Structure formats: structure tokens, C-alpha cells
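Here is how the chains run, residue by residue.
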Amino acid sequence: MKFLRMRPGHGEVLLTEGDPDVREDEERLVEEFRRQLDEGMWAAVPTHTPGSGRRQAVMIHDFDEIPSGADRVIFFPRASGG
Amino acid sequence: MLFTVLALTLVALALAVPALGDEISAARRRRAKRAKPRERRPFVDPGRERRAEQRARQLLRSCVNEEEWAMYRDLGFIRVRGATPGYAYLVYPHKPVVAYTPETGRLLNEYCVEFPDMTAAIGGTRLPDSDDVLAKWMALTGDERRLIRTANMHLPGRQVDPGRVRRDLWRLAQWERERSGARS
């Protein structure tokens, strides 16, 4: 699983990656996930429903909410009224 | 007599030249002193924003479906259907999200929303265009209510020209007709 983050002037950057089933990787992923949320990021996992062609995102508030099998989590700055 | 005048003129000129030179140098020094020191501008890589946008486009393409990607590529915006039937949004890069009713084409509201990266304030806070669109798409499809709650809601026309939105809706209808025609 990859953690990607949108950055001004860069596009997305890879924060970290690892296998959540491997304990060391999971600890690193959890730590990075918390750091990103502490920095004010929102996290989302893009998903698709097989057969329907419909795609959508699932907003993730806690590491445990990441759908199993998700290959990436995208962090992006939280919204504010413009 | 003429020779004397000429000689005197030459002598006067010879005496005046050094004084004139000093005056010119002094004037130059005064002007240089008055001039503001040159501002040192940081080096700006002209390809940086373009490369960032290319990466952002690839990420957007990998997240949205084929129709949405083609819509963005061809028309410059994405239509996102709302959770409530009969309600949809037009998502533009770095412009408010425009809500409308697809059945009638009636414009409902503008939702002004931004995704400023305050942790990157030194390098600018603005995401590449396609990242901004993807952020809106994820926030709308993932948690429409939260995004709408966060945004500042205005009547249509505050930031986005309603005439332009109507033209975009017309372009979208044409585009969809062409695509369905090409498929059948």
C-alpha cells in the first residue's frame, strides 16, 4: 500500500509504502497516517465498483478504516471556504 | 587676433574638461546611490509547474472513470452527480463548484472551496489544477455533506459567469450526444 500526498508545485509525492500485514510496515504506515492528519490533511481511498464503471472515493478518518486491499491512500489539504 | 581667440578657447576647454569629468562622475555616483538595490529573485524553474500538472493529470486519470477523465480532457471540467438524485455539480480547477439540476439545467449555487496546503506556504499553497479537481472529486464523492458544509455558498454568478456555465452545460450535452453516437 502506498501513501501519496498532493503537494503544490510537485503533484503527488510518495510518502511511504508497505504491507499493512507486516507488523513493521504497519507501524510505519500508522505513524505516517497520523502525522498527515495532524498536519491537517484529509485522506481518501479511490474505489470502484466492479461492473458498474462508477468510481468514487472513501474518506478515511482512522487507519483502521482503510479498506482491505486498498493499494493507495491519497492525502490532500483539507477544504476551507474560498 | 583670430589666432589669439582660438588659442584662448582651446586653453579654456583644456581647463574645463577635467572639472566636467569630475562633475559627470559625481552625478553618476549620486544616481547610483539613489537607485534601489536590485532585488534578488529566487530561481524559478519554468517547467516545474508543467511537470507538476502532468503528474496531477496522471493521478486524476487513475482515480476517476473513463467518462469523467474524457470529460475533463475534452471540456476542462468534471460533472459529479450528487448523492441526492436530480442534483449534480460541475467541478472546475480553482473555481467554485457549481451545483445545478441536470433535468432542467437550472443553476442552483456556487460552493466556494479551496484546498490550501498551509504546510507548504514557502513554495506556494496552490495545488496543480488537476490535483484541485481531484481533491474536489474525492471530497464530493467521499463526503458530499462535509464538503458542502465547509464551502461558502453563494448564488450563481458570484465568481463563475452563469453564461459560461450554461455554455458548458450545452457543450457537455453535445459531447455526450457525440460519444453516445460514436458508440452506437
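Keep in mind the model is a prediction, meaning the values are calculated, not measured. (Residues numbered from 1 in each chain as written. Chains lettered and ligands numbered in written order. Predicted model: local features only at pLDDT ≥ 70, side-chain atom pairs only at ≥ 80, totals over all residues.)

Trainee: Help me understand the overall build of chain A in this model?
Mentor: Helices and strands together make up the secondary structure of chain A, namely one helix and six strands. Starting at the N terminus and walking to the C terminus, you meet the elements of chain A as β-β-α-β-β-β-β. Its C-alpha atoms put chain A at 40 × 35 × 20 Å along the principal axes. Considering only intrachain contacts with a sequence separation of at least 6, the fraction spanning at least 24 residues in chain A is 39%. (Helix = DSSP H or I, 4+ residues; strand = E, 2+ residues; numbered from the N terminus. Contact = placed C-beta atoms within 7 Å.)

Trainee: Looking at this model, I keep getting lost on the overall build of chain B. Mind explaining?
Mentor: A tally of regular secondary structure across chain B gives five helices and five strands. In chain B, the order of α-helices and β-strands from amino to carboxyl end is α-α-α-β-β-β-β-α-β-α. Across the 184 residues that make up chain B, the buried fraction comes to 28%. Sequence-distant contacts in chain B: of pairs separated by 6 or more residues, those separated by 24 or more amount to 56%. (Buried ≥ 20, exposed ≤ 12 C-beta atoms within 10 Å, placed from the backbone.)

Trainee: Please clarify how unusual backbone geometry should be interpreted in this entry.
Mentor: Note: most residues except glycine have negative phi, and most peptide bonds are trans. Backbone geometry places B:H94, a non-glycine residue, at a positive phi of 55°. Mapped onto the fold, B:H94 is located in the loop between β2 (88–91) and β3 (97–101).

Trainee: Hey, could you run me through the interface of chain B and chain A in this one?
Mentor: Note: interface size is frequently given as the accessible area lost on complex formation between the parts. Across the contact, 36 residues belong to chain B and 25 residues belong to chain A. Contributing elements (two or more residues each) for the side of chain B that touches chain A: α2 (48–63), β4 (106–114) and α4 (129–150) of chain B. Tallied by class, the residues present in the side of chain B that touches chain A amount to 19 nonpolar, nine polar and eight charged. Sheet topology places strand β6 (residues 80–81) of chain A next to β4(B); two bridges connect them, and they run antiparallel. Across the sheet, the residue bridging to A:S80 is B:E114, located in β4(B). (Nonpolar A, V, L, I, M, F, W, Y, C, P; charged D, E, K, R; others polar. Pairing = 2+ DSSP bridges.)

Trainee: Honestly, the sheet that holds strand β2 (residues 11–17) of chain A in this entry has me stumped. Any pointers?
Mentor: Taken in spatial order, the five strands line up as β2-β1-β5-β3-β4 (chain A) in an open sheet, and their pairing is mixed. With partners counted over all chains shown, the strands left at the sheet margins are β2 and β4 (55–60) of chain A, one partner each. Mean inter-strand twist for the sheet, computed between neighbouring axes without regard to direction, equals 35°. As defined by bridge partners, strand β1 (residues 2–7) of chain A adjoins strand β5 (residues 72–77) of chain A across four bridges and the pair is classed as parallel. Residue pairing across strands places A:L4 opposite A:I74, the latter belonging to β5(A). Along the sheet, helix α1 (residues 23–38) of chain A makes contact with β1, β2, β3 (41–48) and β5 of chain A, crossing β3(A) at roughly 120°. Seen against the sheet, α4(B) touches β1, β2, β3, β4 and β5 of chain A and runs at an angle of roughly 80° to β4(A). (Axes fitted to C-alpha atoms, helices over the stretch in contact; angles between N-to-C directions.)

Trainee: Is there a simple way to explain the nonpolar core in this structure?
Mentor: Ranked by size, the top nonpolar core spans 50 residues in total, and within it A:F76, B:I78, B:V91, B:W137 and B:M138 carry the most contacts. With eight residues, the single largest contributor to this core is α4(B). (Core = buried A, V, L, I, M, F, W, Y, C linked by C-beta atoms within 7 Å.)

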